[in-house]
Amino acid sequence: MASAGRTPVLGGYDAACGSWSMPDARRALQLGLAAAWLLDAILQYQSWMFTKAFGQMLAASAAGNPAIIARPITWSAGIIEHHPVPANAAFATIQLLLALGIAWRPTLKPALAASIAWALAVWWLGEGLGEVLNSAASPVSGAPGAVIIYALLAVLLWPADRGGTPAPFVAARAVGARAGRALWLVLWASMAYFSLTPSNRAPQALHDMISGMADGAPGWLAGLDNGAAGLVAHQGLAASVVLAVVLAVIGIGVFLPPRAARATLVAAVIVSALIWVFGQALGEIFTGTGTDPGSGPLLALLALAYWPARATARAPAQPPARAPAQPAAPAREGR
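This report concerns the structure included in the present document. Numbering of residues begins from 1 in every chain and follows the order in which that chain's sequence is written. It should be noted that, the model being predicted, local features are given only for residues of pLDDT at least 70 and side-chain atom pairs only at 80 or more, the latter also being counted only at that level, while totals for whole chains, interfaces and linings use all residues. Values shown for side chains rest on all heavy atoms present in the structure; no hydrogens or waters enter the calculation.

### What about the overall build of the protein?
Logical step 1: Where helices and strands are cited, they refer to DSSP runs of H or I of at least four residues and of E of at least two residues respectively, numbered from the N terminus. Summing up its helical and strand segments, the protein has 14 helices and two strands in all.
Logical step 2: Counting all 335 residues of the protein, 41% fall into the buried class.
Logical step 3: With residues, only the protein chains shown are counted as cover, and all accessible areas are computed by Shrake-Rupley using a 1.4 Å probe. Accessible area of the protein: about 17,700 Å², with a carbon and sulfur share of 69%. Relative accessibility decides the category of a residue: with a 1.4 Å probe and only protein chains considered, values under 20% of the type maximum give buried, values over 50% give exposed, and everything between is partly exposed.

### What to know about the pattern of salt bridges
Logical step 1: When a carboxyl oxygen of Asp or Glu is within 4 Å of a side-chain nitrogen of Lys or Arg, the pair counts as a salt bridge. Under the criterion given, the structure shown has three salt bridges.
Logical step 2: In this structure, Arg26 and Asp161 form a salt bridge, with 3.7 Å as the shortest nitrogen-oxygen distance. Here the residue Arg26 occupies a position in helix α1 (residues 25–44), and Asp161 occupies one in the loop between α6 (146–156) and α7 (172–175), the gap between them amounting to 135 residues.
Logical step 3: Of the residues examined, Arg26 reaches a relative accessible area of 7% and is grouped as buried.

### Examining helix α14 (residues 295–305)
Logical step 1: In terms of burial, α14 is a largely internal element, nine of the 11 residues being buried.
Logical step 2: Those residues of α14 that sit buried are Ser295, Gly296, Leu298, Leu299, Ala300, Leu301, Leu302, Ala303 and Ala305.
Logical step 3: Whether two residues are in contact is decided by their heavy atoms: any pair within 4.5 Å suffices. Packed against the buried residues of α14 are α1, α6, α8 (177–194) and α13 (258–279).

This is the structure we're talking about:
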């Protein structure tokens, strides 16, 4: 328990009292972000990442991008390909430090700031801006890029409160409700747009994308992916339209009343899980070549940051106090 006159430390160790306190919603989400960076670090320490093949994979993300975007990707990938061991060791260690920094309260702010910078660099040099500038971008495969969601989460979970009124959801505490809703809308509306691009409307586009993720996956996961691919065979246009409508509805969901907003956020978590399993094969974390868990878990974590807060119950209004009754004046005798 916190001592009198002190603000309790949420989600941390209170040295004055010698006890731990439960984290609030924002701190719990920050720890979720730290866990995602920790998983990235673990995946980055896989043996395949220390080979030239890792640099070659990064160089492939330059394809289809404008020259001003592609040339730095090719340049950095060439350095990594020629020095895979020290380069990858540095990448994995950076991500490990980001995870530890976010998890430890005294370094939370610098770690979140560093995670934004690192995520933007990886989004460009490692993901080719999530392929948003070429025709290959698809929300099923992770567009606009899993790592950009790390940066978005770091901004929305920044440990500061804007304004004096309680925020309607956790993501509004640092940037405000209007900006928070706008960022959510931009993300999901862009995903809806990418699902309708010509390459994604092709009859076999979604089938080929999902079936391609079965390669190298465990048997049970490959079976799920192949089964899902069979359901959308030759249904590229219909599937793209349905997916775009669902993503658009999710995008505007945070503008709806709390009950409807919760329903669309549940839909966001479900769609994120379906994308993660069938479109990204759990981020290929079982293949030995996956560098991150994919966009699915991050989208679900983001949805939790927008969950409407419960309205604080107000105490019933007290009736105004009545003035004490004055004693009646004695009747005056007539003369």
